[in-house]
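Okay, here's what each chain looks like letter by letter:
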Amino acid sequence: MSHIRKLDPIVVDQIAAGEVVERPASVVKELVENAIDAGATSIEVILLEGGIRRIEVRDNGIGIDREELLLAVTSHATSKLSAPSDLEAIASLGFRGEALASIASVSRLEVISRTAESNAGASLKVDFGRVGEVRDAAAAKGTRFIIDDLFAELPARRKFLKRASTEAGHCTAWVERLALVHEGVAFRIENDGRSVFEVRADDDLTARCAAVFGANIADRMLAIDKPNDVLSCTARIGPPETARRDARRVHLFLNGRWVRDARLLRAVREGVREFVPIGYYPTLFLQLHVSPERVDVNVHPQKTEVRFRDERIVFGTVVNTLRQCLSASDWATRAVGGIGSTVAETPSFGGASAYPVGGSGGGGELAGGASVGGGSSSRDFPAPSWQRADDLRGAAAAGQLDDFVARQAADGSLPLQSDPDAAAGDFLSIANTFLFRPVPGGVEIIDQHALHERVNLEELRKEIREGQVVMQPLLVPSLVDLSRTELELLLGLKDTFLRLGVDVDAFGETTLAIRGVPARLQRLHPEKLVMDLLEIATDNRAASPEKIQEEMLFSMSCRGAVMAGDHVDRAALEGLLKRGANLPQDRTCAHGRPVRIMLTLEDLERAFFRR
Ligand code: ADP
Ligand code: MG
């Protein structure tokens, strides 16, 4: 026979704490958010042993009244919500009134605080939920929280904590996230007496990105600022070579709150897909501002998941903004010694030939009033260092380039466009996969498949835009046996196929006849093409015709390209290099992998221990 009893309030809080307080970093997050909500302009986090032994957070915010100290550590007590309708439009970071009570139930907490109005401070201690007495205490204006021995009386929880250095890393990550989006507030975090991260109150977003991602990356981040009443979007994107396999460098914020939302992350990947290899995540700061009544942040106790009222609009805006900005950026334009440019006969990089440099696209106005620009100069931004004019200038100064190029680089007069009729120049094909060619300042290595794929994609896109994909009728139609539903699905897309230069119709009840394929994709195997198209059509049943067309375009560009390892004769390779001379974007293939990389003289010198 069991007896039902009401739980002891301390136990209730400890159970609730399980949802909010997982590790020292959760405490840091809650306390720093409280400090931000309290209007602090300076917040300091001091850890001992990664916060496992002690977490101290000091702020210079409004402070807590002596009479309210007890209330502050009581569960469901908050100054941030009063009427239920307030939940509809939450503007503060906290609102549940749970954090302090939860933390106090699983640690030894001390709070010392003084408001601007009172001339004496007060303190209160709570020992694993056992509340002490409010006492007088000397204090500067603001609040200090000291959290000792987290989980010490809850061995089951404590054993899940990791090494101190790991816990310190998680704590720092939270301070970084909050620091990114709270300009005007200084943040500092130290662990065991060592300062780990710091920004000043007057540091702007660029300086904050530099503190979080490193100055080297921050300098080259593409900036997007798209203001709007209902939904505004600010972003900083790192260049493609900083992409990573995990999403740790992706920082998404909604109304000042860091969020980890799988669907939002998917929208980001969709937006950058042509610039970042499949399976990789960009280095990204993305901040959305949506009117509070249009989102619900009260989905999860840690408040890192959100729900949008108009999901499609929000996700669509993210995808389109990223896409527009990336394709208007220099990432999408040519590099030094761009494909198709004339290259010196000798690898001394001499000769009075025209070397293209930098981008022709640059920043510019985007539809919807968004402006694009790099942190410093939009032209410099996305190109890796070896493509930048100032690097060339540096190289020139070091006597690495011949006079002619040096002079042009120095006064910025290097031509921005290459001559499409120029010879493909000297190149060496290695392993039927890579083309090596000397360019000013180093050696360029091109992936033949990636280049061909990009050439196909850009050429087809242009033809489609102009409504004239050249179709090659097949003398003998290719026949493919399918199921009835498959056949129906494909025939339903007949118009999309025609626009892409693929002509299909039914040949009996379960056979599809392919009567024509795009002329330029000579390598395309008709049956394989149909199987690809079928897969795309099946995967994208609910997608718009534009989306389906785009997917098919990617697939056709890839299938119609020479593969790595395919032997291609020299004339054809030259032809390919020439076709690649004037593309709107030639940095990455349709799948976001690089079309080319460059070994600079510096790289080579390093490899030979000359540096
Ligand atoms: P919430 O932040 O959801 O309101 P908390 O438990 O985190 O709940 O905090 C309870 C209350 O304590 C807050 O509503 C606020 O009034 C007060 N408080 C907490 N931290 C601070 C601080 N650093 N400065 C001033 N007031 C604070
Ligand atoms: Mg709070």
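No experiment lies behind these values; they were computed from the predicted model shown. Here the residue index of a chain counts from 1 through its sequence in written order. In the order they appear in the text, chains get letters beginning with A and ligands get numbers beginning with 1. Given that the model is predicted, a residue must reach a pLDDT of at least 70 before its local features are reported, and side-chain atom pairs must reach 80 or more before they are shown or counted; all residues, however, enter totals for whole chains, interfaces and linings. Heavy atoms throughout the structure, all of them, feed into the side-chain values; hydrogens and water do not.

A word on the sheet that holds strand S19 (residues 428-430)
Backbone hydrogen bonds hold the strands of a sheet together, and the pairing may be parallel or antiparallel. Which entries qualify depends on this criterion: For two strands to count as paired, DSSP must find a minimum of two bridges between them. Strands here are runs of E lasting at least two residues and helices are runs of H or I lasting at least four, both read from the DSSP assignment and numbered beginning at the N terminus. A fitted line through C-alpha atoms serves as each axis, taken over the contacting stretch for helices, and the angle formed by two N-to-C directions is quoted from 0 to 180°.
Taken in spatial order, the four strands of this open sheet run S19-S20-S21-S25, and their pairing is antiparallel. Two strands close off the open sheet at either side, each with one partner strand: S19 and strand S25 (596-600). Averaged over all neighbouring strand pairs, the angle between strand axes comes to 25 degrees, with direction disregarded. Pairing analysis gives three bridges linking S19 to strand S20 (residues 434-439), with the strands arranged antiparallel.

Digging into the pairing of strand S11 (residues 231-237)
Threshold: The rule is simple: take the accessible area with a 1.4 Å probe, protein chains only, and divide by the maximum for that residue type; under 20% is buried, over 50% is exposed, in between is partly exposed.
With respect to burial, S11 is a largely interior element, six of its seven residues being buried. Pairing geometry for strand S10 (residues 222-226) and S11, over five bridges, is antiparallel. Following the sheet pairing, Asp-225 is matched in S11 by Thr-234. Here S10 hands over to S11 after four residues, the two strands then running antiparallel side by side. Strand direction decides the pairing type here: S11 and strand S14 (residues 284-290), joined by seven bridges, are antiparallel.

Structural notes on the sheet that holds strand S24 (residues 511-518)
Operational definition: By the convention used here, residues are in contact when the closest approach between their heavy atoms is within 4.5 Å.
Pairing within the open sheet is antiparallel, and its three strands lie in the order S22-S24-S23. Strands at the two margins of the open sheet, each flanked by one partner only, are strand S22 (471-481) and strand S23 (503-506). Neighbour to neighbour, the strand axes of the sheet diverge by 20 degrees on average, direction disregarded. In terms of strand pairing, S23 meets S24 through four bridges, oriented antiparallel. Bridging from a neighbouring strand, Ala-506 pairs with Leu-512 of S24. Against the sheet, helix H16 (residues 526-539) makes contact with S22 and S24, and its axis sits at roughly 65 degrees relative to S22, the strand it touches most.

What to know about helix H2 (residues 24-37)
Where we set the bar: To estimate the expected span of a helix, subtract one from its residue number and multiply by 1.5 Å.
If you check H2, its first and last C-alpha atoms are 20 Å apart, about what 14 residues at 1.5 Å a residue would give, namely 20 Å. Among the 14 residues that make up H2, 13 are buried, leaving the element largely enclosed by the rest of the structure. Following H2 by one or two positions, Gly-39 has its phi on the positive side, about 75 degrees.

A word on a nonpolar patch on the surface
Rule in force here: Patch definition: residues above 30% relative accessible area lacking any salt bridge, with like charges linked at up to 9 Å and the nonpolar side chains Val, Leu, Ile, Met, Phe, Trp and Tyr linked at up to 5 Å. In short, Shrake-Rupley with a 1.4 Å probe defines the accessible areas, and a residue's cover is counted only from the protein chains shown. By definition here, a salt bridge exists when the distance from a side-chain nitrogen of Lys or Arg to a carboxyl oxygen of Asp or Glu is within 4 Å.
Taken together, the side chains of Leu-7, Val-11, Val-12 and Ile-15 present a nonpolar region at the surface, about 330 Å² in accessible area. With respect to the helices and strands, the residue Leu-7 is situated in the segment before helix H1 (9-20).

Some details on the packing of helix H6 (residues 164-181) against helix H7 (residues 205-213)
The condition is simple: Any angle from 65 to 115 degrees is called roughly perpendicular, while one under 35 is roughly parallel, one over 145 is roughly antiparallel, and all others are oblique. Crossing handedness: left-handed means the near helix sits turned counterclockwise from the far one by under a right angle, and right-handed means the same turn made clockwise. Side-chain classes are defined by residue name, with Ala, Val, Leu, Ile, Met, Phe, Trp, Tyr, Cys and Pro counting as nonpolar, Asp, Glu, Lys and Arg as charged, and the others, Gly among them, as polar.
In the contact formed by H6 and H7, the axes pass within 9 Å of each other and the chain directions differ by 165 degrees. Between H6 and H7, the crossing angle belongs to the class labelled roughly antiparallel. Pair H6 / H7 crosses with left-handed handedness. Counting all contacts with H6, which are made through Glu-176, Ala-179 and Leu-180, the residues of H7 involved are Leu-205, Arg-208, Cys-209 and Val-212. Of the residues in the contact of H6 with H7, the class split is five nonpolar, no polar and two charged.

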